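Now for the letters of each chain:
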Amino acid sequence: MSLTSINCEHIAPALWGENTFQNLQRQEVHLWRIDLRIAYQKLSKLEKLLSYEERKRAANYLQEKDRIRFILGHACVKDLISRYLDIDVAQVSLNKGANGKPYISPVHKLYFNISHSGDWVLIAFGSEELGVDLENITGDFITDPLMAQCFHENEIKVIRTSDDPTAEFFKFWTRKEAFLKATGNGMVDELNQFTCMNAFQEFEFPSLSNKKNWYLKSFLMDNNYAVSLCAPSPLNTILFLNY
């Protein structure tokens with residue numbers, strides 16, 4: 001049985017550039033971030049980019065912040081897709097895969113993934129499947145049973161001996177989330193059966209991935225957020241862009 005490999009790297013905090021759109025080149029990943037506090041000023045304009053069904057979904061959210069996050073995230077995704085594909089926003093159609101992963105319909109060689117937490121939304125674009133996860137660093141819900149369920153014993157050891165266990169927890173958490181989102185899997189029971197340690201590791205886990213090699217990069221954003229990005233090719237060129 002073939003092995004799946006994950007190569008993880010923790011990189012320095014990103015330097016985010018201005019909203020200067022450029023076409024996506026092969027092997028590039030564009031990571032856009034949206035500050036909900038600023039984007040809120042454009043809410044009525046962006047809401048017009050949503051379809052009737054999307055506006056109905058937005059209206060179903062009980063919490064106002066969740067509704068705003070949904071509107072801004074989906075509207076900005078459609079706006080960016082229209083620019084990457086050079087089509088009108090009204091022509092952008094999004095569907096969901098088996099585990100809820102969104103994709104462009106009809107299928108294009110443009111892939112994206114969304115994550116949101118706190119005051120931010122992140123949207124990653126690439127020329128192949130990818131996953132991104134963003135988490136606000138807070139220790140309010142970290143428990144020993146949760147760590148035992150989600151992390152390998154080697155990861156737990158690193159977390160417990162770290163100078164900043166909470167940040168270390170979310171580094172591993174976002175890595176596993178980004179990996180599962182890139183592979184198209186939802187949450188699985190076997191999270192503690194494989195590792196996302198720094199550097200290279202292999203595991204026998206065919207149910208998680210039909211590709212053999214995955215690459216992960218993680219970093220801190222504004223010191224309060226953990227971010228991880230995962231793709232099946234080395235993440236050598238990442239553009240960090242403010243929407």
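Heads up: the structure comes first, above all this text.
From a predicted model like this one, the values you see are computed outputs, not experimental measurements.

What about the nonpolar core?
Part 1 of the argument: Judged by nonpolar contacts, the single largest core of 28 residues is most densely connected at Leu 72, Ile 81, Phe 112, Ile 123 and Phe 125.
Part 2 of the argument: Secondary structure elements with two or more residues in this core: strand S2 (28-35), helix H1 (36-39), helix H2 (43-47), helix H4 (64-85), strand S5 (111-117), strand S6 (120-126) and strand S11 (237-242).
Part 3 of the argument: By residue number, the principal contributor to this core is H4, which donates 10 residues.
Part 4 of the argument: Once you skip the residues sitting within four places of it in the chain, Leu 72 turns out to touch Ile 34, Leu 36, Ala 39, Tyr 40, Leu 43 and Leu 46.
Part 5 of the argument: Grouped together as the second largest cluster of nonpolar side chains are 24 residues, Phe 151, Leu 191, Phe 194 and Cys 230 included.

Overview of the packing of aromatic side chains
Part 1 of the argument: Taken as a whole and assessed by the stated rule, the structure comprises 15 aromatic pairs.
Part 2 of the argument: Aromatic pair Phe 179 and Phe 203: ring centres 6.2 Å apart, planes at 85 degrees, arrangement edge-to-face. Here the residue Phe 179 occupies a position in helix H7 (residues 165-183), and Phe 203 occupies one in strand S8 (residues 199-203), the gap between them amounting to 24 residues.
Part 3 of the argument: Judged by its relative accessible area of 7%, Phe 203 is buried.
Part 4 of the argument: A ring pair is formed by Phe 179 and Trp 214, whose centres lie 6.0 Å apart and whose planes are at 90 degrees; its orientation type is edge-to-face. Of this pair, Phe 179 sits in helix H7 while Trp 214 sits in strand S9 (residues 213-221), and the two are 35 residues apart along the sequence.
Part 5 of the argument: Under the relative-accessibility criterion, Phe 179 is labelled buried at 0%.
Part 6 of the argument: With a relative accessible area of 2%, Trp 214 lands in the buried category.
Part 7 of the argument: Three or more aromatic residues link up through ring pairs in this structure, and these residues are Phe 151, Phe 169, Phe 170, Phe 172 and Trp 173.
Part 8 of the argument: Just above the ring of Phe 172 sits the side chain of Lys 171; from NZ or CZ to the centre is 5.0 Å.
Part 9 of the argument: Taking the ring centre of Phe 194 as reference, the NZ or CZ of Lys 176 above it sits at 4.6 Å.

Procedures and definitions
Residues numbered from 1 in each chain as written. Predicted model: local features only at pLDDT ≥ 70, side-chain atom pairs only at ≥ 80, totals over all residues. Heavy atoms only, no water. Core = buried A, V, L, I, M, F, W, Y, C linked by side-chain atoms within 4.5 Å. Buried < 20%, exposed > 50% of the residue type's maximum accessible area, 1.4 Å probe, protein only. Helix = DSSP H or I, 4+ residues; strand = E, 2+ residues; numbered from the N terminus. Contact = heavy atoms within 4.5 Å. Phe/Tyr/Trp six-rings, centres within 6.5 Å; stacked < 30°, edge-to-face > 60°. Lys NZ or Arg CZ within 6 Å of the ring centre and 35° of its normal.

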